[in-house]
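# Examination of the molecular architecture
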Amino acid sequence: MDIPDLVQQALEDEEIQAGISLGEEDTVCFTPTRTLVYRGEGLLSDEKVESYPYDFERLTISEGRRKTKFTLVYTDEKREFGVPGTSTDAVLEQLLNGALRSANTIDTEEQVTGVFRFSELTLVITEGRVLKHLGSVTWDNDFESYPFGSVTGLEFEEGSVATSIV
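Everything numeric here is computed off the predicted structure, so don't read it as measured data.

### Focus on the pairing of strand E6 (residues 67-73)
The two faces of a sheet get side chains in turn, since along a regular strand they alternate between them. The pairing of strand E5 (residues 58-63) with E6 spans six bridges and is antiparallel. Its bridge partner lying in E6, Ile61 is registered against Phe70. Between E5 and E6, which follow one another and run antiparallel, lie three residues. Taking the residues between adjacent antiparallel strands as the criterion, E6 and strand E7 (residues 78-84) are bridged by four residues.

Rendered as structure tokens:
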């Protein structure tokens, strides 16, 4: 993946850990401290890079037929960016990877390998554990961590409203 000059300038001393092409020239790049969203020059807009640090307090995802909007709520502001619907899972995985690593929830060598959203439940699978969080699409300190070595009897219980993982 070619890194646009504007992104290179925005990197400062950081390096890109992952990148996702959004089609055309648009790209999302992930560094150790933030997500950079690059929008190429278009008919009605100039090229630009927007930075989204990982210290957000709330993450909400709104999925439409073609686009997905990520809303990051910080202590003093709310910021949004959109991606094509086909890129939702890849962007969410890398965004949570950066946020969890930045908050020291996962180790620097540990990678997120999957994110699963079930209404109020979010499961994040890393290379060494399962992280479970209840709440709307949000991530805070109220989560449970299960190392793979201690996960033994995984069962699903159907309820009247939702299925529980036990």
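### Here's the deal with the packing of aromatic side chains
Within the structure shown, the criterion is met by two aromatic pairs. Pairing Tyr52 with Phe81 gives two aromatic rings, centres 4.9 Å apart and planes at 45°, and the pair type is tilted. Of this pair, Tyr52 sits in strand E4 (residues 48-53) while Phe81 sits in strand E7, and the two are 29 residues apart along the sequence. In this pair, the class of Tyr52 matches that of Phe81, namely buried. Centre to centre, the rings of Phe70 and Phe81 are 5.2 Å apart; their planes meet at 15°, and the pair counts as stacked. Here the residue Phe70 occupies a position in strand E6, and Phe81 occupies one in strand E7, the gap between them amounting to eleven residues. Joined through ring pairs, the aromatic side chains of Tyr52, Phe70 and Phe81 make up one cluster. Here the basic side chain of Arg79 rests over the ring of Tyr52, its NZ or CZ set 4.5 Å away from the ring centre.

### Notes on the nonpolar core
If you look at the biggest cluster of nonpolar residues, it comprises 27 residues, and the most contacted ones within it are Phe30, Phe56, Leu59, Phe70, Leu72, Phe81 and Leu95. Of all the elements in the fold, those that place two or more residues in this core are strand E1 (18-21), strand E2 (27-30), E5, E6, E7, helix H2 (88-102) and strand E8 (112-118). Residue contributions to this core peak at six residues, all from H2. Contact partners of Leu72, with chain neighbours within four places excluded, come to Tyr52, Pro53, Phe56, Arg58, Leu59, Glu77, Lys78, Arg79, Phe81 and Leu95.

### With respect to the pattern of salt bridges
This structure, assessed with the given rule, holds five salt bridges. In this structure, the salt-bridge partner of Lys69 is Glu80, at a minimum N-O distance of 3.6 Å. With Lys69 in strand E6 and Glu80 in strand E7, this pair connects stretches of sequence that are eleven residues apart. Take Glu80: its relative accessible area is 39%, and that puts it in the partly exposed class. Across the pair Glu110 and Arg129 runs a salt bridge whose closest N-O atoms are separated by 2.7 Å. Of this pair, Glu110 sits in the loop between H2 and E8 while Arg129 sits in strand E10 (residues 129-134), and the two are 19 residues apart along the sequence. Each member of the pair, Glu110 as well as Arg129, carries the same accessibility label: buried.

### Description of the sheet that holds E6
Across the sheet, three strands lie side by side as E5-E6-E7; this open sheet has antiparallel pairing. Strands at the two margins of the open sheet, each flanked by one partner only, are E5 and E7. Between one strand and the next, the sheet's axes are offset by a mean angle of 20°, whatever the strand orientation. Docked against the sheet, H2 engages E5, E6 and E7, running at close to 20° with respect to E6.

Definitions and limits used
- Residues numbered from 1 in each chain as written.
- Predicted model: local features only at pLDDT ≥ 70, side-chain atom pairs only at ≥ 80, totals over all residues.
- Heavy atoms only, no water.
- Pairing = 2+ DSSP bridges.
- Helix = DSSP H or I, 4+ residues; strand = E, 2+ residues; numbered from the N terminus.
- Phe/Tyr/Trp six-rings, centres within 6.5 Å; stacked < 30°, edge-to-face > 60°.
- Buried < 20%, exposed > 50% of the residue type's maximum accessible area, 1.4 Å probe, protein only.
- Lys NZ or Arg CZ within 6 Å of the ring centre and 35° of its normal.
- Core = buried A, V, L, I, M, F, W, Y, C linked by side-chain atoms within 4.5 Å.
- Contact = heavy atoms within 4.5 Å.
- Salt bridge = Lys/Arg side-chain N within 4 Å of Asp/Glu carboxyl O.
- Axes fitted to C-alpha atoms, helices over the stretch in contact; angles between N-to-C directions.

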